[in-house]
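# Per-entry structural report
One letter stands for each residue in the lines below.
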Amino acid sequence: MDSLINLLDAFQIIFSNPYSLMYILIGVAAGIIVGCLPGLTATMGVALLVPFTFSLPPVQGLLLLLGIFTGGIYGGSISGILIRTPGTPAAAATLLDGYPLSQRGEAGKAIGIATIASFIGGSIGALIMSFLAPEIAQFGLRFGPPEFFALAIFGLTMIISISGVSLLKGAIAALFGLLLTTIGLDPLSGVARFSFGSDDLLGGITFIPALIGLFGFAQVFHNIEKMQIVPQVKSKVGKILPSLKEIRSLLPTMFKSGGMGAMTGSVPGLGADVAAFIAYAEAKRTAKKPEEFGKGALEGVAAPEAANNGATGGAMIPMLTLGIPGDAVTAVLLGALTIHGFQPGPLLFVNHLDIVYPIFAGMILCQLVLLIVGLAGARLFARLINIDTRILTAVIFLLCIVGSYSIRFSFFDVGLGLTIGVLAYFMGKAQFPVSPILLALILGPMAEQNMRRSLMLSRDDPTIFFTRPISAIFLFLAVFMAITSYIRFKQLRKIEQRVADDAAVENESNNG
Amino acid sequence: MKKFVCLLAVLFIFAAPASAQDFPNKDITLIVPWSAGGGTDTIARALVKNAEEHIGVNVNVVNQTGGGGVVGMTAAKLARADGYSVGMITFGLSTYKLMGLSDISYRDYELIQLLNQSSAAISVRSKSEWTTLGELIEFAQANPGEVSLGHTGAGGAWHLSAASLGVLHDAEFNFIPFDGGAPTRAAMLGGHVDAVATGIDEVKQLYDAGEVRILAVNALERHPAFPDVPTLEEAGYKIDAPVLDWRGLALPQGVPEDRVAIIEEGFKKMFEDPEFVAFTEEVGLALVYEDAEGYESFLANMEEVLAPTLDAVGLLKE
Amino acid sequence: MNNKSVDIGVGVFLCIFSVAVYLYAGQYSGRGVNSYGPDFFPKALSVMMFISATILIIRGLAGISLTTLESTDRQGFIRAGGTLALGVIYIGLMKLIGFYIATALFLYVLMAFLGQKGQLTRILVSGIVASLIFGIFHLFLKIPLPEGFIYNSLKSF
């Protein structure tokens, strides 16, 4: 009950400054812009705007940053849906179904659903954070190296769900991605691997340029190749937002994914990107019509979006209660709080309730503002792809170049992005899926480091993965997910095969 | 085509350089080789918070991460030598060459000043059975390899600091490297490792909250923010030359001398800014100033201290 | 080229690649503190890669392949290659004449290359987009963009 009273007090504190709402609005809007530009992630947006907050009162400064955080994670989905280039890593799962939807002219609907899902997921995350933070934080601490390894293996089984037509090709893509993650300095042994003496390669394959290459550059090359043959897709005009009925049918998915996202985010080291993929795979596994996934299923947009915004609230929990950030964005927020004179940690809840509860209340308000801004903007955003494709493609190509440069001001990264882009373009030609590479890039370091770390702890005894309960549960879940997803996959292939055969028969009879 | 030429002309006018004024006449960039939100980054941002008062322009922090700091420090070394790019350099610079990771060393820079030195602390969580360093080390001596000791990365200051303790006093620890300070703390709190070696300031919050017990600090004197924590010598395990983490500022070589002087003076003022000093006290960071000369001899000495330690943990590249 | 030969070709390449990775990773053995050192993961992955690639080859030879190779539009393919080349030139130009002018020029040329008609449209779009990006990235977010060799030599003397 105390938390409720504190929370209501916090709303009062926030509204006692007439500019508070304005800062949230500015933050959310700036976050959406930063988020939907490829290469500018929510992490960067927050980091870049920290100096602006020095001149503001702490609460208002934090509201601005929370707005950017929320808006940034959401904004990534807009470019994912419209141009198949996720603005932030967290939106990489959204484009799997968001882009096909926009190719059907339903970009407005996809963005509308993404907005509502973000709002619901984000609210769940914010509420869980407000009322259960200390308990959740203790749960997160139970994850040690073996648990993280089991979790990474569990995550890697999602390859089955995102492999498309051939599991073998998906597996090869994932293995390739995992090998890429071994490039660079190995933090466990201090050895430089596959760096061939180059300082740039010692830094490893940077994630953001790789992401832009896999999706952005590859899509640009694809679009340019097909420019003269395939007519440009135009967004439908008129009533473009999702109907109430559609939203209602998606509500269970959104609530479930939002909750899963918040839990995933609260484990230190797991961020919105992992949460989104887990939710996507789970939604596909339990969907009534899994065959629609990858072709524009509404659940395929709702699940990852609810999860990644749910994860924002979740990731705040260990940061605030323990001073251990849940992901990269909260790491930056931790730095910002520290500079403002509020060092996150167990004592924050004792000494600075005056800042803790406004953060909670601010997160809730951010979701509301996000809903309003997002729905108002959906129509406008959807119109963006109606711009002449020759202009649009040129601008996207430019943004991809600038984006891969900006993550650490490195031309090496631009070259890396372009190289991976060319590779991904040819992979698309030979029908190798690229999403498994992305998943491997996210989970690879987590799997490798924690496997080796666990075996250091147990001194080469591999039973450590099965004797610790949480680790054993996740490994069991991984096997379970793999088997059920595989059965689903086989069923899907049969259905598709039948459809293809029917079409062939029809063609023949037509010809004959 | 005419229009195009006009456009170009307009663009040139817009982009034309402002008439050459005194240095600095535009924002300075501070390259931080570690990611946003980390310890080094937070210090950098706190340092330049009031830059405009002290040097006349803003200083923007940019993070160029990767390769255990190599990427960012190389970028600072290769930056244009006009004084507008300043690099934050950190402990790793003392080890890259010795570990065979990269050829860069402090000799590649125009050194500005040392900012701080941090000492390692050996901590356990408050639920732990060990209450003093003596108990921990005696147990490790009796049961070689039984005590798991987490640290923030192979070849890092805290790893080397703890390793030299173990080597000197015949205690065999099972070293578990994590990727940075935050996961190391999480592993200790969750009881996944028995003890951790981190910078003493990194556990200040948890120490103040009573969540961890700091057994000893690897320094010659007690830390002012932790008057109750004994030094290694006081705990009965003397170490001659403690491995210290350090952070400092440097310019690429070749910056005109007058500009170097302006930068030196400006950053010294930021360093002495009462707000920055208050911040470092709050987070438990020990500021240590050395001018360029003192800094250089400190770094030269550092390499000599580190070579045998790196050799002891098998990370020295011959 | 049909799908079968693509599968076999890719499979053979990956087999060679995985053997190379395995052998190269050998130099890292013994560098870790326990038996699962820095060489373990790359070696394990390359073994799995080798097996997968072999299956790919076998399936290609047996003709069990569901996928079909996507057709390529020849002219379009050349255009995509040209775009890539323009991009590389742009990056070089950026270092020389600075971000702002290089970006405006690049957009103008690329749109012309892609067949965008209307001189005015191209000039307007390239000017506005370059200004917008410069504004957001450099002026607002303070990202250091290349100022260019020329601009800097003008400035420092």
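The paragraphs below set out a description of the structure included in this document.

This next bit is on the sheet that holds strand β9 (residues 212-218) of chain B. All names here are of chain B. With mixed pairing, five strands are arranged side by side in an open sheet as β7-β6-β8-β5-β9. At either end of the open sheet lies a strand with only one pairing partner, and these are β7 (174-177) and β9. For this sheet the average axis-to-axis angle between neighbouring strands, irrespective of direction, equals 30°. Judged from the four bridges that link them, strand β6 (residues 148-151) and β7 form a sheet pairing that is parallel. Bridge assignment links leucine 149 to a residue of β7, and that residue is phenylalanine 175. Packing of helix α6 (residues 133-142) onto the sheet brings it into contact with β5 (120-125), β8 (195-199) and β9, and relative to β9 it is tilted by some 80°.

Attention shifts here to the pattern of salt bridges. In total, this model carries 23 salt bridges over all chains according to the counting rule given. Residue A:Arg408 is joined to A:Asp413 by a salt bridge in which the shortest nitrogen-to-oxygen separation is 2.9 Å. We classify A:Asp413 as buried; its relative accessible area is 0%. Here B:Glu303 and B:Arg107 are joined by a salt bridge, their closest N and O atoms 2.9 Å apart. Linking B:Glu303 in helix α12 (residues 292-312) with B:Arg107 in the loop between α5 (96-99) and β4 (109-118), this pair joins segments that are 196 residues apart in sequence.

Contacts between the two partners involve 68 residues from chain A, matched on the other side by 70 residues from chain C. Around 6000 Å² of area is buried between chain A and chain C when both sides are counted, 78% of it from carbon and sulfur atoms. The interface formed by chain A and chain C contains one salt bridge. Salt-bridge contacts for A:Lys169 lead to C:Asp7; the nearest nitrogen and oxygen are separated by 3.4 Å. In this structure, the connection of chain A to chain C is made through six residue pairs in polar contact (both at pLDDT 80 or more). Residue contributions to the side of chain A that touches chain C peak at 12 residues, all from helix α18 (residues 389-406) of chain A. Taken together, the residues of the side of chain A that touches chain C break down into 45 nonpolar, 11 polar and 12 charged.

At a minimum axis distance of 12 Å, the contact between α18(A) and helix α5 (residues 119-140) of chain C shows a crossing angle of 25°. Accordingly, the angle class assigned to the pair α18(A) and α5(C) is roughly parallel. Crossing of α18(A) over α5(C) shows right-handed handedness. For the pair α18(A) and α5(C), contact is made by A:Ile391, A:Val395, A:Leu398, A:Leu399, A:Val402 and A:Ser406 and by C:Thr121, C:Val125, C:Val129, C:Ile133 and C:Phe137, respectively. Across the contact of α18(A) with α5(C), the residue classes tally to nine nonpolar, two polar and no charged.

Cut-offs and rules
Residues numbered from 1 in each chain as written. Chains lettered and ligands numbered in written order. Predicted model: local features only at pLDDT ≥ 70, side-chain atom pairs only at ≥ 80, totals over all residues. Heavy atoms only, no water. Pairing = 2+ DSSP bridges. Helix = DSSP H or I, 4+ residues; strand = E, 2+ residues; numbered from the N terminus. Axes fitted to C-alpha atoms, helices over the stretch in contact; angles between N-to-C directions. Contact = heavy atoms within 4.5 Å. Salt bridge = Lys/Arg side-chain N within 4 Å of Asp/Glu carboxyl O. Buried < 20%, exposed > 50% of the residue type's maximum accessible area, 1.4 Å probe, protein only. Buried area = accessible area lost by both parts, 1.4 Å probe. Polar contact = N/O pair within 3.5 Å; in protein donor to acceptor, adjacent residues only side chain to side chain. Nonpolar A, V, L, I, M, F, W, Y, C, P; charged D, E, K, R; others polar. Parallel < 35°, antiparallel > 145°, perpendicular 65-115°, else oblique. Left-handed = near helix turned anticlockwise from the far one by under 90°.

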